[in-house]
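# Structural overview
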Amino acid sequence: MNRLETYLFISSVLAALGFVTIASRRNAVAILMGIELLLNAAALNFVAFGRFVKNAAGTHPLDGQIFAIFILVLAAAEAAILLAVIIAIYRQSESIDVERLRGLKG
Amino acid sequence: MNPSDYFLILLGVMSVAPAFVVAFSKNLIRSAFALLFTFAGMAGLYGFLAADFLAVLQILVYVGGILVLILFGVLFTQKIYTPEVAAGRYAFRPVLLIGAALFAVLFFVLSAGVAWDTIANRPAEPTIRTLGELLLSRHLLAFEAASVLLLTVLIGAVAVVRKELT
């Protein structure tokens, strides 16, 4: 069971669900959750490939985990900045329904 | 099937099943808490992949940081007593169809039996030391760029949220 395909299956389910969440939700915070699901699926793929697949010449077996770490950093940064934007929008229009956010200028 | 397989399946279910709640629940707070189980299950999967440092990092950053941020966002930006307003959906059926198609394509590629050049039974060693050396040698530029990014985010988030002084 502890094979590459198991992890690829899990991450493909997570990626599909993340896409559904991003595309169908109207609430901006829920969209943030979908993005986190997608990023998690990608990170799991990197680590699983790094663990099970023979690394090419000039690469290190742990490069996949390095990628996952940078994904983690990006996810944290993106969550913080997105939340700041969401709160700023909420203060302005009392709603974070992405369907109703049409104006761009402050 | 050896005993650890049952544990792996348990972790897989633990990380996949709550993701359905995240995608489909009408109650956003429930979605946010379901995300907790997904992240914890992913940490367990990292453990199975012999990525010990990453498992700890997943718990620390996702469960301890990002999830708290998301919960804060959920609770801050809506009326808790009318959750159905918060969890509205847009074009649900087409999106569901595209999502199912996406999964079908991924699953098709997965089950097509691509001959990955795999290594069986790579030894599970502690990774922290090697990861640290890699970060400060081969990936030093990305490491520094990430620190600049975090500084930018720190300042940018405050600049976006602060009230204008008039």
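Conventions and cut-offs
Residues numbered from 1 in each chain as written. Chains lettered and ligands numbered in written order. Predicted model: local features only at pLDDT ≥ 70, side-chain atom pairs only at ≥ 80, totals over all residues. Helix = DSSP H or I, 4+ residues; strand = E, 2+ residues; numbered from the N terminus. Expected span 1.5 Å × (residues − 1). Bend = angle between axes of the 7 residues up to and from the residue. Buried ≥ 20, exposed ≤ 12 C-beta atoms within 10 Å, placed from the backbone. Contact = placed C-beta atoms within 7 Å. Axes fitted to C-alpha atoms, helices over the stretch in contact; angles between N-to-C directions. Parallel < 35°, antiparallel > 145°, perpendicular 65-115°, else oblique. Left-handed = near helix turned anticlockwise from the far one by under 90°. Nonpolar A, V, L, I, M, F, W, Y, C, P; charged D, E, K, R; others polar. Domains from an automatic or database assignment.

### With respect to helix α3 (residues 52–76) of chain B
- Over its 25 residues, α3(B) extends 34 Å from the first C-alpha to the last, a length consistent with the 36 Å expected when each residue adds 1.5 Å.
- Along α3(B), the largest kink reaches about 30° and is centred on Leu67(B).
- If you check which residues of α3(B) are buried, you get Leu54(B), Ala55(B), Gln58(B), Tyr62(B), Ile66(B), Leu67(B), Ile70(B), Gly73(B) and Val74(B).
- For α3(B), the secondary structure elements touched by its buried residues are α2 (28–52) and α3 (63–93) of chain A together with α2 (28–48) of chain B.

### Some points on the packing of α3(A) against α3(B)
- Running from amino to carboxyl end, α3(A) crosses α3(B) at an angle of 15°, the nearest separation of the two axes being 10 Å. Comparing their axes, α3(B) and α3(A) come out roughly parallel. Two packed elements cross with a definite hand, and for α3(A) against α3(B) that hand is left-handed. Of the residues in α3(B), those in contact with Gln65(A), Ala68(A), Ile69(A), Leu72(A), Ala75(A), Ala76(A), Ala79(A), Ala80(A), Leu83(A), Ile86(A) and Ile87(A) of α3(A) are Leu54(B), Leu57(B), Val61(B), Gly65(B), Ile66(B), Leu69(B), Ile70(B), Gly73(B) and Phe76(B).
- For the contact of α3(A) with α3(B), a count of residues per class yields 17 nonpolar, three polar and no charged.

### Describing the interface of chain A and chain B
- Counting residues at the interface gives 61 residues for chain A, matched by 69 residues for chain B.
- Examining the composition of the side of chain A that touches chain B, we find that 20 residues originate from one element, α3(A), more than from any other.

### Quick word on the domain arrangement of chain B
- As far as domains go, chain B holds domain 1 (1–89) and domain 2 (126–166).
- The C-alpha centroid of domain 2 of chain B is placed 24 Å from the C-alpha centroid of domain 1 of chain B.

### A word on α2(A)
- Relative to the 36 Å expected for 25 residues at 1.5 Å per residue, α2(A) spans 37 Å between its end C-alpha atoms, a close match to the ideal helical length.
- Within α2(A), 20 of the 25 residues are buried, leaving the element largely enclosed by the surrounding structure.

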